[in-house]
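# Summary of the model geometry
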Amino acid sequence: MPVKRAWLASLFALALASLACNLARSAATTAPADEGEMTLAEAVQVTPEDARPEVLRLMGPPDSFTLQWQDLDGTLVRWEEWSYFDAATRFDFLDGELVWTGDLDPVVDATVFAHAYSPMDFEPTMTTDDVRSMLADQTLEEASLAEADIPTGIILAGDQILLGFDNDRLVYVQSFALIPDESAPTPAASAPTMEAPATSAPTPQLAATSAPAALLSDDFQSPSPAAPLFGTRTMTFTLASGEGALTSLYPGGVVPVMYAAPVVADFALEVAIRFPDAAPSSAAGIIFRSDDTPDGLAYYYHLTLRPAASLLELAVWKDGAFSPIKMASIPTGGLDVDGANHLRLEARGDQLRVWINNVLTLEVSDTRLPGPGLLGLSIVSSQSPETVYFDNLRVEALP
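In short, a report on the structure. Here the structure is a predicted model, which is why all the values come from computation and not from measurement.

### A word on the overall build of the protein
Along the protein, the regular secondary structure elements total four helices and 23 strands. Looking at the 399 residues of the protein, the share that counts as buried comes to 53%. The long-range fraction of contacts in the protein, counting pairs at least 24 apart against all pairs at least 6 apart in sequence, stands at 62%. Here the protein has roughly 17,400 Å² of accessible surface; of this, 52% comes from carbon and sulfur atoms.

Structure follows, in structure tokens:
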């Protein structure tokens with residue numbers, strides 16, 4: 001269509017203008033930046049040219065966005081991800097400069113975009129009172145992060161928006177598009193939506209009589225069958241005191257260790273996750289139903305636990321882009337902030353269920369990756385370096 005060709009040409013010109021600061025992010029790529037690409041530390045030394053007004057002029061407000069502010073060697077930097085689902089395109093900005101573009105999966109016509117919010121309205125100087133005044137037309141649910149070892153941190157959750165604060169200053173904003181689940185018998189939102197978890201769910205059982213044999217068991221004693229996906233410039237994986245210590249040197253990117261076997265579609269997986277120094281955006285979890293290609297992982301489900309934010313999130317990586325599926329809050333007291341948290345995932349056909357410390361917390365139907373695939377453990381760090389610890393991994397066939 002001629003109109004689309006016009007704005008695509010203009011945005012291509014913007015991308016060329018900022019090519020010197022091109023950064024690869026795992027949410028838009030399957031692997032971290034190549035040797036010749038500019039690092040985040042190098043990029044922030046370049047005087048930025050704000051490309052956001054031109055993107056807004058050409059495309060309007062994003063359908064959803066994520067903002068976060070990070071301290072990099074004493075400099076506060078602003079990272080933004082703007083998603084345009086109708087255009088199947090995502091733009092990443094560093095201090096306003098366009099540094100990366102990526103492809104997104106198209107969404108159904110009934111999707112409800114988060115056009116009520118503009119990323120330009122949020123600044124790190126904003127307090128909780130400032131945000132409540134800005135969003136006075138809605139009720140914001142508040143959750144303290146004190147139990148997550150962030151005594152001055154809180155989360156505000158509103159209509160298709162999540163905001164994180166530390167010391168009463170805004171550090172994180174995420175708006176959500178609500179995507180109907182076409183595989184469900186009745187329409188249901190499959191984009192991240194806050195839901196109340198079950199208060200009394202039965203403890204999951206693998207079998208009524210006896211536990212089946214393990215398809216995979218890893219107590220993270222030497223040797224472990226887990227293998228890092230990337231090199232030592234991006235990640236390290238070591239065994240320490242009976243735990244697997246996965247360290248990311250690539251903030252914001254999915255950094256996994258993978259298992260060569262089993263290749264399964266239906267299974268139950270249990271693992272203990274300990275994330276001692278998590279920020280609100282820090283996450284760790286499970287990759288499943290993944291492929292095995294020389295160029296990395298072309299598709300997979302990604303289940304992540306955000307301990308500091310008391311959230312579980314399920315997404316899918318397919319066709320070169322992440323698509324959110326569902327997000328669920330973990331009730332107060334549901335996490336062990338001083339130790340490991342026990343996560344259990346059951347995948348049976350299109351039915352995916354997750355327990356945290358024996359409480360059913362997330363349940364969803366999704367048909368995008370029905371076939372068997374590989375398993376892995378992952379970290380999505382908020383800083384470099386950042387380490388998460390795994391223990392007592394066990395995978396069993398479902399009866």
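Moving on from the model shown.
### Some words on the sheet that holds strand β16 (residues 300-306)
Paired through their backbone hydrogen bonds, the strands of a sheet run either parallel or antiparallel. One open sheet accounts for seven strands, arranged β10-β13-β22-β15-β16-β17-β18; its pairing is antiparallel. Every interior strand has two partners, whereas the edge strands, β10 (227-228) and β18 (321-329), have only one. As paired elements, strand β13 (residues 254-264) and strand β22 (residues 373-380) share seven bridges and run antiparallel to each other. Note that in β22 the partner of Pro256 across the bridge is Ser378.

### Topic: helix α3 (residues 52-59)
Each full turn of the α-helix corresponds to 3.6 residues, which orients residues three or four apart in the same direction. Of the residues making up α3, those classed as buried are Arg52, Val55 and Met59. One face of α3 carries all of its buried residues, which in axial projection span an arc of 60°. Following α3 by one or two positions, Gly60 adopts a phi angle in the positive range, close to 80°.

### Notes on the side chain of Arg78
Tracing the sequence through the fold places Arg78 in strand β2 (residues 75-84). In terms of polar contacts, Arg78 uses its side chain to reach the side chain of Glu80, at 2.8 Å. Apart from residues lying up to four places away in sequence, Arg78 is in contact with Arg52, Leu67, Gln68, Trp69, Phe93, Leu94, Asp95, Pro119, Met120, Phe122 and Glu123.

### Remarks on the environment of Gly285
For Gly285, the location among the structural elements is in strand β15 (residues 283-290). Taking the relative accessible area as the measure of exposure, Gly285 reaches 0% and is therefore buried. C-alpha separation for the pair Gly285 and Leu305, spaced 20 residues apart in sequence, amounts to 5.8 Å. Not counting the four nearest positions on each side in its chain, Gly285 is found in contact with Ile273, Leu303, Thr304, Gly376, Leu377, Ser378 and Phe390.

### Thoughts on the environment of Thr125
Secondary-structure assignment places Thr125 in the loop between β4 (97-103) and α4 (128-134). Each C-alpha atom of the pair Thr125 and Leu170 lies 6.6 Å from the other, and the pair is 45 residues apart in sequence. Discounting chain neighbours no more than four positions away, the residues touching Thr125 are Asp130 and Arg169.

### Considering the nonpolar core
Core analysis: the largest hydrophobic core is formed by 57 residues, its most contacted members being Phe267, Ile286, Phe288, Leu303, Leu312, Leu343 and Phe390. Those residues in contact with Phe267 that lie beyond four places of it in its chain are Phe288, Leu345, Glu346, Ala347, Leu375, Val395, Glu396 and Leu398. Formed by 25 residues, the second largest nonpolar core is a distinct cluster that contains Val55, Trp82, Leu140 and Ile154.

### Some details on the pairing of strand β8 (residues 169-175)
The buried fraction of β8 is high, at five of seven residues. As judged from the three bridges shared by strand β1 (residues 64-72) and β8, these two strands associate in the antiparallel manner. When the bridges of β8 are listed, Gln68 appears paired with Tyr172. The turn linking strand β7 (residues 161-166) back onto β8 is made up of two residues, and Asn167 within it adopts a positive phi angle of 55°.

What counts as what
Residues numbered from 1 in each chain as written. Predicted model: local features only at pLDDT ≥ 70, side-chain atom pairs only at ≥ 80, totals over all residues. Heavy atoms only, no water. Helix = DSSP H or I, 4+ residues; strand = E, 2+ residues; numbered from the N terminus. Buried < 20%, exposed > 50% of the residue type's maximum accessible area, 1.4 Å probe, protein only. Contact = heavy atoms within 4.5 Å. Areas by Shrake-Rupley, 256 points an atom, 1.4 Å probe, with all protein chains shown as cover. Pairing = 2+ DSSP bridges. Arc of directions from axis to C-beta. Polar contact = N/O pair within 3.5 Å; in protein donor to acceptor, adjacent residues only side chain to side chain. Core = buried A, V, L, I, M, F, W, Y, C linked by side-chain atoms within 4.5 Å.

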